[in-house]
Amino acid sequence: VPEGHTVHGHARRLAALFGDRRLAVSSPQGRFGTGARLLDGRILRTTTAHGKHLFLGFDDERWLHVHLGLFGTWRFGDGPPPDPRGAVRVALASADAWAHLRGPTACDVLATDEVTAVRNRLGADPLRADADARGAGERLRRSRSSVAVLLMRQDLVAGVGNVYRAESLFRARIDPHLPGRALPESSWNALWSDLVTLMRDGLRRGRIVTTRPQHRTRRSGIARGEDAYYVYRRAGLACRICGTAVRAEPLGGRTLYHCPGCQVSSG
Ligand SMILES: [Zn+2]
């Protein structure tokens, strides 16, 4: 599942390809035919992401809203578009660039007040300058739910998925089972600040790397795939810090990874 940095990356790419251009919008698959006709021939004015939601603002305050969900993908390119093989829900094309969207969970045309309504339901996005980190922290620290569950709630923290959840909690040495209400404000502040750092880094690299070089098997050069994480998908392997076997457990339909040696409640 794409996390927030991927969606912000798509927003940047689409802005670079199509910003202030008049676009041909179609739905080769047909399922978005009505929506495509509403946008076809308009100029793309605004491109933004909030959490895992992408919003493309066209003339006359019409917005294309996309949530990729589990299976959605974008493909982009310069020059003439390739044949839209497979189920292309939306095809965007300017004179010199193209983009194809396949398999999104949500793809619809919204008015500006509807975009505001969607965004009002989303929490603080570590990749947005207007994120209300303090408000998110106050709500999280009033809850009895575990920090691991709360971090995945998009109405609290938007854009964090399973990788950033596991890795940020590990880096902060927070027990993922700790109830939100037991998390000190200073721990929240540190966790938020690290999420901002990690997700900006992910956006820049185009991939998630959370390990510091001294904790990798190969300490110099680009972090290889098997060196990218501390705990995510490392169940049974030795913790890079303390050597304890990393644990995986089901939590809310997703697998939670953590180190029972490093991530211990102090209270
Ligand atoms: Zn450990």
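The structure presented is a predicted model; accordingly, all values stated were derived computationally and were not measured.

Q: In this structure, what is going on with unusual backbone geometry? I would like to understand it.
A: One can expect most non-glycine residues to show negative phi and most peptide bonds to be in trans. Positive phi outside glycine occurs at Asp-60, with the angle close to 65°. On the accessibility criterion, Asp-60 (61% relative accessible area) is exposed. The backbone phi angle of Arg-233 is positive, close to 55°, even though this residue is not glycine. Within the fold, Arg-233 resides in the loop between α7 (185–205) and β9 (247–251).

Q: Help me understand the pairing of strand β6 (residues 88–93) in this model?
A: Each regular strand displays side chains that alternate between the two surfaces of the sheet. Most of β6 is tucked away, with six of its six residues classed as buried. Note that strand β1 (residues 24–26) and β6 share three bridges and pair antiparallel. Counted as the bridge partner of Val-25 is Leu-92 from β6. For β6 and strand β7 (residues 97–102), the ladder comprises five bridges, and the chain directions are antiparallel. Its bridge partner being in β7, Val-90 is matched across the sheet by Leu-101. What sits between β6 and β7 in their antiparallel hairpin is a turn of three residues.

Q: Sorry if this is basic, but what is going on with the side chain of Glu-3 here?
A: Looking at the secondary structure, you find Glu-3 in the segment before α1 (4–18). The side chain of Glu-3 sits in the buried core without any salt bridge; Arg-254 is the nearest counter-charge, 5.8 Å away. Ignoring sequence-local partners within four residues, the contact set of Glu-3 consists of Lys-52, Gly-159, Val-160, Gly-161, Asn-162, Val-163, Tyr-164 and Ile-208.

Q: What is the right way to read empty space enclosed by the protein from this model?
A: A complete count under the given rule lists one cavity of 30 Å³ or more for this structure. Volume-wise, the largest cavity comes out at about 30 Å³. Lining the largest cavity are Val-1, Pro-2, Val-7, Lys-52, His-67, Leu-68 and Gly-69. A per-class count over the lining of the largest cavity returns four nonpolar, two polar and one charged.

Q: Mind showing me how you'd approach the environment of Ala-223 here?
A: Assignment of secondary structure puts Ala-223 in the loop between α7 and β9. Sequence separation between Ala-223 and Val-90 is 133 residues, and the spatial gap between their C-alpha atoms is 35 Å. Ala-223 has contacts with Arg-207, Val-209 and Arg-216, leaving out every residue within four places of it along the chain.

Q: I tried to follow the packing of α1 against α7 on my own but got confused; where do I start?
A: Two packed helices can be described by the angle between their axes and the distance between those axes. One way to put it is that α1 packs onto α7 with a least axis distance of 9 Å and a crossing angle of 45°. The angle between α1 and α7 places the two elements in the oblique class. For the element pair α1 and α7, the recorded crossing hand is right-handed. Judged by residue contacts, Gly-4, His-5, His-8, Gly-9 and Arg-12 of α1 engage Met-199, Gly-202 and Leu-203 from α7. Considering only residue class, the contact of α1 with α7 consists of two nonpolar, five polar and one charged.

Q: Please clarify how the sheet that holds strand β5 (residues 73–78) should be interpreted in this entry.
A: The strands making up a sheet associate through hydrogen bonds between their backbones, and the pairing can be parallel or antiparallel. Spatial strand order, β1-β6-β7-β5: four strands in an open sheet with antiparallel pairing. Each end of this open sheet is capped by a strand with a single partner; those strands are β1 and β5. Shown here is a sheet whose adjacent strand axes are inclined to one another by a mean of 10°, direction ignored.

Criteria and thresholds
Residues numbered from 1 in each chain as written. Predicted model: local features only at pLDDT ≥ 70, side-chain atom pairs only at ≥ 80, totals over all residues. Heavy atoms only, no water. Buried < 20%, exposed > 50% of the residue type's maximum accessible area, 1.4 Å probe, protein only. Helix = DSSP H or I, 4+ residues; strand = E, 2+ residues; numbered from the N terminus. Pairing = 2+ DSSP bridges. Lys, Arg positive; Asp, Glu negative; His and termini not counted. Salt bridge = Lys/Arg side-chain N within 4 Å of Asp/Glu carboxyl O. Contact = heavy atoms within 4.5 Å. 1 Å grid on protein atoms, 1.4 Å probe; cavity = no way out; pocket = protein on both sides within 12 Å on 5 of 7 lines; lining within 4 Å. Points joined across faces, edges and corners; volume = space filled by probe spheres on them. Nonpolar A, V, L, I, M, F, W, Y, C, P; charged D, E, K, R; others polar. Axes fitted to C-alpha atoms, helices over the stretch in contact; angles between N-to-C directions. Parallel < 35°, antiparallel > 145°, perpendicular 65-115°, else oblique. Left-handed = near helix turned anticlockwise from the far one by under 90°.

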